[in-house]
Amino acid sequence: MARRVRGPVLVGGDFNFEEDDEEYDVLLGLTGLRDSAAELGRREPTVTRENPYRQRSSKPDRRIDLLLTRSGAETGVRLDHVERIFDGTFDHSGRALACSNHAGVLAEIEIREGAGAALPAPEPGAVA
């Protein structure tokens, strides 16, 4: 579906896979989406054992919440900044709480009319 969109594309969420998983390569390879945190060198875990809701988890800290972007044919997407947010805790009646069991991802993006790019073809490895 994303391949058919000629305008800019922004996709964010909890993908439940990491950058070294096949699903990551397939999604980016088929859609031409770019991982904003990876592109800007800001790979920070979004689920951590420091979070009060995950302290008993046996899973390692991971970055599974992603913001993916792609320029459109006529409209460009330029990444300015990305960071992990809402990762702190607060005290409520003597108990440490957090906003969520995942940290958030905040990105500053510039949408530029007339600065588009040719839509990328699917990567052969992703198709295989």
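Summarised in this report is the structure supplied together with it.

Procedures and definitions
Residues numbered from 1 in each chain as written. Predicted model: local features only at pLDDT ≥ 70, side-chain atom pairs only at ≥ 80, totals over all residues. Heavy atoms only, no water. Salt bridge = Lys/Arg side-chain N within 4 Å of Asp/Glu carboxyl O. Helix = DSSP H or I, 4+ residues; strand = E, 2+ residues; numbered from the N terminus. Buried < 20%, exposed > 50% of the residue type's maximum accessible area, 1.4 Å probe, protein only. Core = buried A, V, L, I, M, F, W, Y, C linked by side-chain atoms within 4.5 Å. Contact = heavy atoms within 4.5 Å. Pairing = 2+ DSSP bridges. Axes fitted to C-alpha atoms, helices over the stretch in contact; angles between N-to-C directions.

Digging into the pattern of salt bridges
According to the stated counting rule, one finds 9 salt bridges in the structure shown. Note that Arg49 and Asp61 form a salt bridge whose closest N and O atoms lie 3.9 Å from each other. Here Arg49 is found in the loop between helix 2 (36-39) and strand 3 (65-70), whereas its partner Asp61 is found in the loop between helix 2 and strand 3, with 12 residues between them in sequence. When its relative accessible area of 39% is taken as the criterion, Arg49 is described as partly exposed. By relative accessible area, which is 33% here, Asp61 ends up partly exposed. For the salt bridge of Asp80 with Arg78, the shortest nitrogen-to-oxygen distance reads 2.8 Å. Overall, the relative accessible area of 37% leaves Asp80 in the partly exposed class.

Considerations on unusual backbone geometry
A positive phi angle, near 60°, is found at Asn16, a position not held by glycine. On the secondary structure map, Asn16 appears in the loop between strand 1 (9-14) and helix 1 (22-31).

Observations concerning the nonpolar core
With 9 residues, the main nonpolar core is built from Val9, Phe15, Phe17, Tyr24, Leu28, Leu33, Ala38, Leu66 and Leu68. Elements with a minimum of two residues in this core: helix 1 and strand 3. Ignoring sequence-local partners within four residues, the contact set of Leu28 consists of Leu33, Asp35 and Leu68.

Things to note about the sheet that holds strand 3
The strand order across the open sheet built from 3 strands is 1-3-2, with neighbouring strands paired in antiparallel fashion. At either margin of the open sheet sits one strand with a lone partner, and together these are strand 1 and strand 2 (34-35). Taken together, the 6 bridges between strand 1 and strand 3 define a ladder with antiparallel strand orientation. Looking at strand 3, one finds that Gly12 is bridged to Leu67. Lying over the sheet, helix 1 contacts strand 2 and strand 3, oriented at roughly 20° with respect to strand 3.

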